[in-house]
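# Observations on the model geometry
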Amino acid sequence: MGFKCGIVGLPNVGKSTLFNALTATQAAEAANFPFCTIEPNVGRVSVPDPRLDIIAKIGGSAKIIPTQLEFVDIAGLVRGASKGEGLGNQFLANIREVDAIIKVVRCFEDDNVTHVEGSIDPIRDAETIETELMLADLESLEKRVTALTKKAKGGDKDSKQLLDIVERVLKALEEGKPARTVQVSPDDQKAFQMLQLLTSKPILYVCNVDEDSAATGNALSARVAEMAAAQGAGTVVISAKIEEEVSQLDDEAEKKEFLETLGLKETGLAQVIRAGYALLDLITFFTVGPKETRAWTIRKGAKAPQAAGEIHTDFERGFIRAETMAYDDFVKLGGEQACKDAGKVRQEGKEYVVQDGDLMLFRFNV
């Protein structure tokens, strides 16, 4: 299962620089002019997880395979994108395909880097992006109303359900509120997701600060954090310039030393990746053996057969049971055999909800 985070922002906020560093490539052409990113650039990145090394060491695995997230660098948005300004239509089409949105906002002054609005104001920039997304959603839903109303009057239950959701979302959008603020019941969740609304996606704000503010943030990033908290969104502070420099260092010790001189314990990118993972409500389970220790990604609340299906569709189709160990037990006792001896290997069935950190072996028959 692929999970995508779309990186969005106004032109020249450091979006493509962040993407380059994030994927440790120069796949996105970072340049000091709008729309240098025309096609969405896609990169897969490993999710940092110190548990992998510990499991692999105990399990005597020859190889470690981390779980991954996909990041999409999407062309810079400008005011009027919902009406096709700039690369608006392309931007909006690309962003519909992602699961979560990372909004990069500029929180640094630099006379050498132009700003499309002529001044630095991250709150205004964030509101510009949100407004354009809401206008696009508004237009998308208004086009659906007539056909849905006709079908609902004809007695179509699905259309009636969807019309009710559409009308509630339209009311919120007209009041200047994004679709994610609308309360949707579990029964309506699937229909709501089918609408593919831009403002229904979870948000993470990434504050791109100057190098001196990377460790502590600054007054501008503090304003963004306050806004994000009010919205129930996350915030990460990074310096894209620092991240770009770090990504060009091959030696891990050298990277660590460089970060320490700047008062940083880890890269901002590690924070972005973890925050993106949490934003999508994802958890990790592990498989371990002599060949490899591997991390797998599933949605929180997934049951054992769904987890098995991440490895292979046959595992889900012919699922019998999952032999499961908790990470803490595996580490504390020192491996699978010790867990078996202590009665810590559980036989879980189809209704078992997988927990973050579970080590699993699936039994199946097809």
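Everything quoted here is computed from the prediction, not taken from an experiment. (Residues numbered from 1 in each chain as written. Predicted model: local features only at pLDDT ≥ 70, side-chain atom pairs only at ≥ 80, totals over all residues. Heavy atoms only, no water.)

Here we come to the pairing of strand β7 (residues 234-238). In terms of strand pairing, strand β6 (residues 203-209) meets β7 through 5 bridges, oriented parallel. Residue pairing for β7: Val206 is matched across the bridge by Val236. Once you follow β6 into helix α7 (residues 219-231) and on to β7, the crossover reads as right-handed. (Pairing = 2+ DSSP bridges. Helix = DSSP H or I, 4+ residues; strand = E, 2+ residues; numbered from the N terminus. Right-handed = clockwise from strand over helix to strand, strands pointing away.)

Among the secondary structure elements, Glu323 is positioned in strand β10 (residues 319-325). Within the local environment of Glu323, its side chain forms a polar contact with the side chain of Arg363, the two groups lying 3.1 Å apart. Not counting residues up to four positions away in its chain, the partners in contact with Glu323 are Val345, Arg346, Gln347, Leu359, Met360, Leu361 and Arg363. (Polar contact = N/O pair within 3.5 Å; in protein donor to acceptor, adjacent residues only side chain to side chain. Contact = heavy atoms within 4.5 Å.)

Attention shifts here to the packing of aromatic side chains. With the rule as written, the count across this model stands at 4 aromatic pairs. Note on Phe285 and Phe362: the rings are 6.0 Å apart at their centroids and 90° apart in plane angle, and the pair reads as edge-to-face. Remark: Phe362 occurs in strand β12 (residues 359-364) and Phe285 occurs in strand β8 (residues 282-288); sequence separation between them is 77 residues. Here the guanidinium or amino end of Arg51 rests over the ring plane of Tyr327, the centre of that ring lying 5.9 Å away. In this structure, Arg106 packs its charged tip against the face of Phe108, placed 4.4 Å from the ring centre. (Phe/Tyr/Trp six-rings, centres within 6.5 Å; stacked < 30°, edge-to-face > 60°. Lys NZ or Arg CZ within 6 Å of the ring centre and 35° of its normal.)

Under the criterion given, the structure shown has 24 salt bridges. For Arg294, the salt bridge is made with Glu292, and the minimal N-O distance between the two is 3.9 Å. The closest approach of N and O atoms between Arg317 and Asp314, which form a salt bridge, is 2.6 Å. Of this pair, Arg317 and Asp314 are both found in helix α12 (residues 313-317), 3 residues apart, which corresponds to roughly one turn of the helix. Its relative accessible area of 63% is what places Arg317 among the exposed residues. What emerges from the salt-bridge pattern is a single network uniting Lys4, Arg44 and Glu70. (Salt bridge = Lys/Arg side-chain N within 4 Å of Asp/Glu carboxyl O. Buried < 20%, exposed > 50% of the residue type's maximum accessible area, 1.4 Å probe, protein only.)

Keep in mind that these numbers describe shape and distance, not what the molecule does.
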